[in-house]
Amino acid sequence: MLIFCFIMKLKGEKKPAFPWFGMDIGGTLVKLVYFEPVDITAEEEQEEVENLKSIRRYLTSNVAYGKTGVRDVHLELRNMTMCGRTGNLHFIRFPTQAMPRFIQMGRDKNFSSLHTTLCATGGGAYKFENDFRTMADLELLKLDELDCLIRGLLFVDRMGFNGLPEGYYFQNPSDTQSCVKKPCSLDNPFPMLLVNIGSGVSILAVYSEDNYKRVTGTSLGGGTFLGLCCLLTGCETFEEALEMASKGDSTNVDKLVKDIYGGDYERFGLQGSAVASSFGHMMSKDKRDSISKEDLARATLVTITNNIGSIARMCAVNEKIERVVFVGNFLRINTVSTKLLAYAMDFWSKGQLRALFLEHEGYFGAVGALMELLKTTEDP
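Values in this document were obtained by computation on a predicted structure and should not be read as measured data.

Asks: Would you mind going over the overall build of the protein chain in detail, with residue names and values included?
Replies: Along its length, the protein chain carries 13 helices and 18 strands. Taking the principal axes of the C-alpha coordinates as reference, the protein chain spans close to 75 × 45 × 35 Å. A burial count over the protein chain gives 50% of its 380 residues as buried. A fraction of 66% describes how many contacts in the protein chain between residues 6 or more apart in sequence connect residues 24 or more apart. Total accessible area computed for the protein chain in this model is approximately 17,800 Å², and 50% of it derives from carbon and sulfur atoms. Computed over 42 positive and 47 negative side-chain charges, the separation of the two mean positions in the protein chain equals 3 Å.

Asks: Provide a residue-level description of the side chain of Arg-71, including the pertinent values.
Replies: Positionally, Arg-71 belongs in strand S5 (residues 69-71). A distance of 3.3 Å separates a polar atom in the side chain of Arg-71 from the backbone oxygen of Leu-59. In terms of polar contacts, Arg-71 uses its side chain to reach the backbone carbonyl oxygen of Thr-60, at 3.0 Å. Excluding residues that lie within four positions of it along the chain, Arg-71 makes contacts with Leu-59, Thr-60, Ser-61, Asn-62, Val-63, Tyr-65, Glu-76, His-90, Phe-91 and Ile-92.

Asks: Can you tell me about the pattern of salt bridges, naming the residues and giving the values?
Replies: In total, this model carries 17 salt bridges according to the counting rule given. In this structure, Arg-57 engages Glu-50 in a salt bridge whose closest nitrogen and oxygen atoms are separated by 2.9 Å. Between Arg-158 and Glu-209 there is a salt bridge, with the nearest N and O atoms lying 3.9 Å from each other. On the criterion of sequence distance, the pair formed by Arg-158 in helix H6 (residues 145-159) and Glu-209 in the loop between strand S13 (201-208) and strand S14 (211-218) is long-range, its members being 51 residues apart. A relative accessible area of 55% means that Arg-158 is categorised as exposed.

Asks: Tell me about the pairing of S14, and name the residues and values.
Replies: Bridging between S13 and S14 involves 7 bridges; their strand directions are antiparallel. Counterpart to Leu-204 in the pairing with S14 is Arg-214. Hairpin geometry of S13 and S14 is characterised by an intervening segment of 2 residues between the two adjacent antiparallel strands.

Asks: For the packing of helix H11 (residues 293-319) against helix H12 (residues 335-348), give the residues involved together with the corresponding values.
Replies: Packing of H11 against H12 brings their axes to within 9 Å, and their N-to-C directions diverge by 40 degrees. In terms of orientation, H11 and H12 fall into the oblique class. In this structure, the crossing between H11 and H12 has a hand that is right-handed. Residues Arg-298, Leu-301, Val-302, Thr-305, Asn-306, Gly-309, Ala-312 and Arg-313 of H11 lie in contact with H12, whose contacting residues are Val-336, Ser-337, Leu-340, Leu-341, Met-345 and Trp-348. Class assignment of the residues belonging to the contact of H11 with H12 gives a composition of 8 nonpolar, 4 polar and 2 charged.

Asks: Before we move on, can you summarise the nonpolar core with the specific residues and values?
Replies: Ranked by size, the top nonpolar core spans 63 residues in total, and within it Trp-20, Met-82, Leu-89, Met-99, Phe-132, Leu-153 and Leu-194 carry the most contacts. Built from parts of two domains, this core gets at least three residues from each of domain 1 (20-149 + 364-376) and domain 2 (167-249 + 292-358). Filtering out sequence-adjacent residues up to four positions away, Trp-20 remains in contact with Val-33, Tyr-34, Phe-35, Met-82, Cys-83, Arg-85, Leu-370, Leu-373 and Leu-374. Within the second largest apolar cluster, 37 residues are counted, among which are Val-195, Ala-297, Ile-308 and Ala-342.

Asks: Residues and numbers for the domain arrangement of the protein chain, please.
Replies: Segmenting the protein chain into domains produces domain 1 (20-149 + 364-376), domain 2 (167-249 + 292-358) and domain 3 (254-290). The centre of domain 1, based on its C-alpha atoms, is set 28 Å off from the matching centre of domain 2. Listed as interface residues are 10 residues of domain 1 and, on the opposing side, 11 residues of domain 2. In total, domain 1 and domain 2 occlude about 870 Å² of area from one another, counting both sides; carbon and sulfur atoms represent 62% of this. Counting every contact that joins domain 1 to domain 2 gives 1 salt bridge. Here Glu-239 makes a salt bridge to Arg-93, at a shortest N to O gap of 3.9 Å. Of all elements in the fold, only strand S3 (29-37) and H6 reach the threshold of two or more residues within the side of domain 1 that touches domain 2. Top element by residues in the side of domain 1 that touches domain 2 is H6. It accounts for 3 residues. Residues of the side of domain 1 that touches domain 2, tallied by class, amount to 4 nonpolar, 2 polar and 4 charged.

Asks: Got a sec to walk through the sheet that holds S13? Specific residues and values, please.
Replies: Strand order across the open sheet formed by 7 strands is S11-S10-S18-S17-S12-S13-S14, with mixed pairing between neighbours. Pairing within the sheet leaves two strands with one partner each, and these edge strands are strand S11 (180-184) and S14. Direction aside, neighbouring strands of the sheet carry axes that sit 30 degrees apart on average. Strand contacts of H6: strand S10 (167-171), strand S12 (192-197), S13, S14, strand S17 (323-327) and strand S18 (354-358), with the helix running at about 110 degrees to S12, the strand carrying the most contacts. In this fold H11 packs onto S12, S13, S14 and S17, with an angle of close to 140 degrees to the strand it touches most, S14.

What counts and how
Residues take numbers from 1 onward in each chain, read along the sequence in its written order. Thresholds applied to this predicted model are a pLDDT of at least 70 for local features of residues and 80 or more for the giving and counting of side-chain atom pairs; totals over whole chains, interfaces and linings are not thresholded and use all residues. Values shown for side chains rest on all heavy atoms present in the structure; no hydrogens or waters enter the calculation. Strands here mean DSSP runs of E at least two residues long; helices mean DSSP runs of H or I at least four residues long; both are numbered from the N terminus. Burial classes: relative accessible area under 20% of the type maximum marks a residue as buried, over 50% as exposed, and values in between as partly exposed (1.4 Å probe, protein chains only). We call two residues contacting when some pair of their heavy atoms lies within 4.5 Å. In these tables, accessible area is a Shrake-Rupley quantity obtained with a 1.4 Å probe, and a residue counts as shielded only by the protein chains included in the view. The charged-residue count follows a simple rule in which Lys and Arg add positive charge and Asp and Glu add negative charge, with His and chain termini not counted at all. Where a charge lies is defined by one atom per residue type, namely NZ (Lys), CZ (Arg), CG (Asp) and CD (Glu). Between N or O atoms, a polar contact is any pair within 3.5 Å; within protein, one atom must be a potential hydrogen donor and the other a potential acceptor, and residues adjacent in sequence are included only when both atoms are from side chains. Salt bridges are identified by distance alone: a Lys or Arg side-chain nitrogen within 4 Å of an Asp or Glu carboxyl oxygen. Pairing between strands is defined by DSSP: at least two bridges between the two strands are required. Between N-to-C directions, angles cover 0 to 180 degrees, with each direction set by a line fitted to C-alpha atoms, over the stretch in contact for helices. These descriptions rest on fixed angle ranges, namely under 35 degrees for roughly parallel, over 145 for roughly antiparallel, 65 to 115 for roughly perpendicular, and the rest for oblique. In this scheme, a crossing is called left-handed if the near helix is turned counterclockwise away from the far one by less than a right angle; it is called right-handed if the turn is clockwise. Each residue receives one of three labels: charged for Asp, Glu, Lys and Arg, nonpolar for Ala, Val, Leu, Ile, Met, Phe, Trp, Tyr, Cys and Pro, and polar for the others, Gly being one of them. Buried Ala, Val, Leu, Ile, Met, Phe, Trp, Tyr and Cys residues that are joined via side-chain atoms within 4.5 Å together make up what is termed a nonpolar core. Where each domain begins and ends is defined by an automated method or by a domain database. Buried area: the accessible surface (1.4 Å probe) lost by two parts on joining, summed over both.

Have a look at this one:
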């Protein structure tokens, strides 16, 4: 995952010049946050250069950028204060494969006249470093992606979501009829197990804002789900894959405990409806001939989600941490997985573990990068 923030070489100034950006480039999606000041004085507006006005107009007057860029209007944080300025924080995403076009836009809008350095972290900092330099005359300054993730998450949770809590959980996750989404905040958040689900998965044990460790991870994440769905169903996008999964029945693909035992495996508390073998029915040609693409998409989603939930639970037990927080763009518009994770944490821990989720799922790294911009330029 690559995280950017835009930094200007300041001459004794304590605040960075506008525009204020933070960017997180993952293996699948690019996440951009943009702070739009709403307290601009008449003097500031008069002195503002035309390309800075152009950038602000372009980002705030559109909800779509080209064919694949989207501004998540429903996530906008309004009238917030950062670095002594009041404004709105906008959340924008586009596919990582569109990064060359973004760099081209930076050159076309003459970003280098406003900023001379880009803060970056993760593998993409290396992958795109030369492109930024040669195509847009911009240099990269690398930051730590996990630092930014944690700081961004804690900042947004403290701010809240326009007067409402940032977090939520599912009440009665084991009962599909009475399972209800409930708001919550991360009061006294430490320690917490932070499960970041992007293209792959990283699991962190977080003891304070500056004290954490990466416990483990898995390569089977959101990228795996989308990649397998593209192979198995011919879909092209994450949204299309989830839409297909919402209409499918994974039990036509997966072999359940009851398919082996004829019912529950009571000795170990395994319900007959539990998955015994993901894709286990696909050994049978008759089963393969009878399933739909929607069934395959649903089974793929259930397989990836269950694997993540199992690893997260074991990590929580090993680290003796009862607060498990799931974030990352895999969870965007993905209620199937959030409810599955909530159920898994509750059922296998006998109610001792509760899965927590956050509304801004995959944007925390980008927010942390923006915070790093403000922190860096305030440092003496």
